[in-house]
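So the chains spell out like this:
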Amino acid sequence: MLNTKSGIRGFSALILLLIVVSLLGGCMNRETKLKATSEDRPFLSLLAPLHFPQPPSKEIVAEIEEKTEVQLDLRWVPEGVYTDKMMTGLTTNSLAKVSFVKFSDYHLVKNAIRSDVFWEIGPYLSEFPNLSKLDPEILDQAAVDGKIYGLYTERPSSRQGLILRKDWLDRLGLEEPQTLEELYEVLRQFTYGDPDGNGMQDTLGIVDRNDLVYGIFKTLSSYFGTPNNWKVEDGRVIPEFMTDEYMNTMNYVKKLYDEKLINLDFPLTSKEVQRDRFIRGEAGVLIGSMTDVQRLSIEARAMNPNADFTLVNRIKGPYGYKVWSIPNFNGLYLFSKKMIPTEQDLRVALGFFDRTMDKDVANLMMYGLEGRHYKIENGKVILPEETSQLRVNEVNPLYSLMIADIGNPNLMDVAQKEHLTQIAEQLSKDNEAFLVDDPTVRLSSPTYDEKSAELSTIIGDATYHYILGRIDAEGFRHEIERWKQSGGQAVIREFEDALSHP
């Protein structure tokens, strides 16, 4: 009996010893892995907009981390609420180490830039093989007081156009619209002509959202010949909303609203809801970035295999073809001085972006994994239609992280793209023949940088109220006077001074 108990005790002691050894080994193994994967790699947090339903594949992100030797904390924020999130981070001094600022929001952060919240990165760019070759023209467009603070994401000057239901046009015997009058007629027929053939009046001509820039308004406005934000005439700087063309655009959209050719709740509709209603076949036209068409088509056909799309970029207005443009940067990555305390830390962050422009990382971010997302034939990329949705889910969100991608010579050429994507890119290139630029891009106005949010709200609200019939033309002029008194007149004066004393 004693021997049996002694044997049990000895066996128990052996098991305990093995467990301890195993735990110690596991701890040592885990510590070794941590050291190899995390502690040896610098940590980099990035705040970036998410333009797709979900973040990119963890597998691809891990591959990027391994290649760049950086541990990434990617803070994805849906594009529709990105501005609010970014501004909250700015006002609470809780931004990531590196934060993206959209071009349309850039003026909101310029005072923070001048207050030394972000690093001036210009003096460091020459230290990096790829960053040293960034386009000086675009860097100059994005400079603040002649100094470079951000790494730019590159985009075409204009991707704006119409995405239309081609199957609806065909069913109603309509041609693609070529003028503002023809566009109105298509919208009327899409609303009242039963374009989906279900015998019910349950469709809309067009669906819009609560955004006067990237919704339908600004693109329609450019078709009418409205200046792009500002107009320079005989040394005078005139805001776009003080022109007849802006009023004509409001009247056009008001007509769509009064005749119920547009969703009546558009001032409250988010981008996500707008897209969803278009995908579900509730509306036949969406005005926005034409390069969204492939993804919209995939999602729409999942619900209705007969859904067919076409694109139109040329709508003739009173002055021929016009379309508003942005400078060649879609936004900038800025580097927080609070979160990046030393020059060496800054070099690490800049080094990450420099590395993303190298051939292996840039092509991974642009096309994904060879064999899974794309093929190579004769040294060129083939993007098959059948892997399109896979790229949307796993790869395309990474586009937000890519800097200077259009001008990056390390990206492989594409021999074959999805049909709709190819058309969208061709029409975006065609837009360059009739761009309307903002003449104040390089001009400085401290009052505008300080009060732009307040001033934009005054005019934005007035525009909505006019379209909804809550104020008339006289009421709109009254709001313009309020805009002037709230700092708008000072903005005009400062722009005119900057224009006369470059």
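Residue indices begin from 1 for each chain and proceed along its sequence in written order. Reporting in this predicted model follows two pLDDT cut-offs: at least 70 for local features of residues, and 80 or more for side-chain atom pairs to be given and counted; totals over whole chains, interfaces and linings ignore these cut-offs and use all residues. Processing note: side-chain calculations cover all non-hydrogen atoms of the structure and skip hydrogens and water entirely.

### Section: the overall build of the protein chain
Broken down by element type, the protein chain carries 17 helices and 18 strands. Residues classed as buried in the protein chain amount to 51% of the 502 residues present. Accessible surface is estimated by sampling points in the Shrake-Rupley manner with a 1.4 Å probe; for residues, cover comes only from the protein chains shown. For the protein chain, the computed accessible surface area is about 23,800 Å², with 50% contributed by carbon and sulfur atoms. Charged side chains in the protein chain number 56 positive and 75 negative. The centres of these two groups are separated by 5 Å. Where helices and strands are cited, they refer to DSSP runs of H or I of at least four residues and of E of at least two residues respectively, numbered from the N terminus. Buried means the residue's accessible area, taken with a 1.4 Å probe over protein chains only, is under 20% of the maximum for its type, while exposed means over 50%, and partly exposed covers the values in between. When charges are counted, neither His nor the chain ends are considered; positive counts come from Lys and Arg and negative counts from Asp and Glu. Charged side chains are reduced to one point each, which is NZ for Lys, CZ for Arg, CG for Asp and CD for Glu.

### Structural notes on the nonpolar core
Core analysis: the largest hydrophobic core is formed by 73 residues, its most contacted members being Leu46, Leu151 and Phe335. It is helix α13 (residues 359-367) that contributes the most residues to this core, 6 residues altogether. Among buried residues, the Ala, Val, Leu, Ile, Met, Phe, Trp, Tyr and Cys ones that are joined through side-chain atoms within 4.5 Å form a nonpolar core. If you look at the next biggest cluster of nonpolar residues, it comprises 51 residues, including Tyr184, Ile262, Ile480 and Val491.

### Side note on empty space enclosed by the protein
The method works on a 1 Å grid over the protein atoms by themselves. A cavity is a set of points holding a 1.4 Å probe that cannot get out, a pocket is an open set with protein on both sides within 12 Å along at least five of seven lines, and residues with an atom within 4 Å of a point line them. Grid points are joined across faces, edges and corners, and a volume is the space filled by probe spheres set on the points. Summed over all chains, the structure comprises 1 cavity of 30 Å³ or more. Within this model, the largest cavity holds a volume of roughly 40 Å³. For the largest cavity, the full set of lining residues is Pro49, His51, Phe100, Thr153, Arg155, Asn330 and Ser400. For the lining of the largest cavity, a count of residues per class yields 2 nonpolar, 4 polar and 1 charged. Residues are grouped as follows: Ala, Val, Leu, Ile, Met, Phe, Trp, Tyr, Cys and Pro are nonpolar; Asp, Glu, Lys and Arg are charged; all remaining types, including Gly, are polar.

### Notes on the side chain of Asn396
Within the secondary structure layout, Asn396 lies in the loop between α14 (388-394) and β17 (414-416). Contact definition: two residues touch when any of their heavy atoms are within 4.5 Å. With residues up to four places along the chain from it excluded, the contact list for Asn396 reads Phe52 and Arg391.

### A few points about the packing of aromatic side chains
Aromatic pairing here means that ring centres of Phe, Tyr or Trp (its six-membered ring) are within 6.5 Å. Orientation follows from the plane angle: under 30 degrees is stacked, over 60 is edge-to-face, and everything else is tilted. Under the criterion given, the structure shown has 25 aromatic pairs. Ring geometry for Phe224 against Tyr252: centres 5.4 Å apart, planes inclined by 70°, an arrangement best described as edge-to-face. Residue Phe224 is found in the loop between α8 (217-223) and β7 (230-233), and its partner Tyr252 is found in helix α9 (residues 244-258); the two are separated by 28 residues along the sequence. Ring geometry for Trp230 and Trp483: centres 6.3 Å apart, planes at 45°, overall tilted. Placement of the pair is Trp230 in strand β7 and Trp483 in helix α17 (residues 473-500), with a sequence separation of 253 residues.

### Side note on the sheet that holds strand β16 (residues 380-382)
Only strands joined by at least two bridges in the DSSP assignment are considered to pair. Across the sheet, which stays open at both edges, the 3 strands sit in the order β15-β16-β17 with mixed pairing between neighbours. Two strands close off the open sheet at either side, each with one partner strand: β15 (375-377) and β17. When strand polarity is set aside, the average angle formed by the axes of neighbouring strands in this sheet is 45°. Of the strand pairs in this sheet, β16 and β17 are connected by 2 bridges, and their pairing is parallel. When the sheet's bridge partners are listed, Ile382 is paired in β17 with Gln416. Between the N-to-C directions of two axes lies an angle of 0 to 180 degrees, each axis being a line fitted to C-alpha atoms and, for a helix, fitted only over the stretch in contact.

### Quick look at the pattern of salt bridges
What makes a salt bridge here is a side-chain nitrogen of Lys or Arg within 4 Å of a carboxyl oxygen of Asp or Glu, nothing more. For the structure on display, the rule yields 33 salt bridges. Put simply, Lys231 and Glu233 hold a salt bridge, and the shortest N to O gap is 3.2 Å. Accessibility expressed as a relative area gives 32% for Glu233, which makes it partly exposed. Here Glu394 ties to Arg372 by a salt bridge, and the two come within 2.6 Å at their closest N and O atoms. Of the two residues, Glu394 sits in helix α14 while Arg372 sits in the loop between α13 and β15, which places them 22 residues apart along the sequence.

### Observations regarding the environment of Leu264
Locating Leu264 in the fold gives a position in the loop between α9 and α10 (271-279). Placed 204 residues apart in sequence, Leu264 and Leu468 show a C-alpha to C-alpha distance of 8.8 Å.

### A closer look at the pairing of strand β8 (residues 236-239)
Sheet topology note: the β7/β8 ladder contains 4 bridges and is antiparallel. The residue of β8 that forms the bridge with Trp230 is Pro239. Counting the residues between successive antiparallel strands, the hairpin from β7 to β8 contains 2 residues, one of them, Asp234, with a positive phi of roughly 55°.

Function cannot be read off these values alone, since they describe shape.
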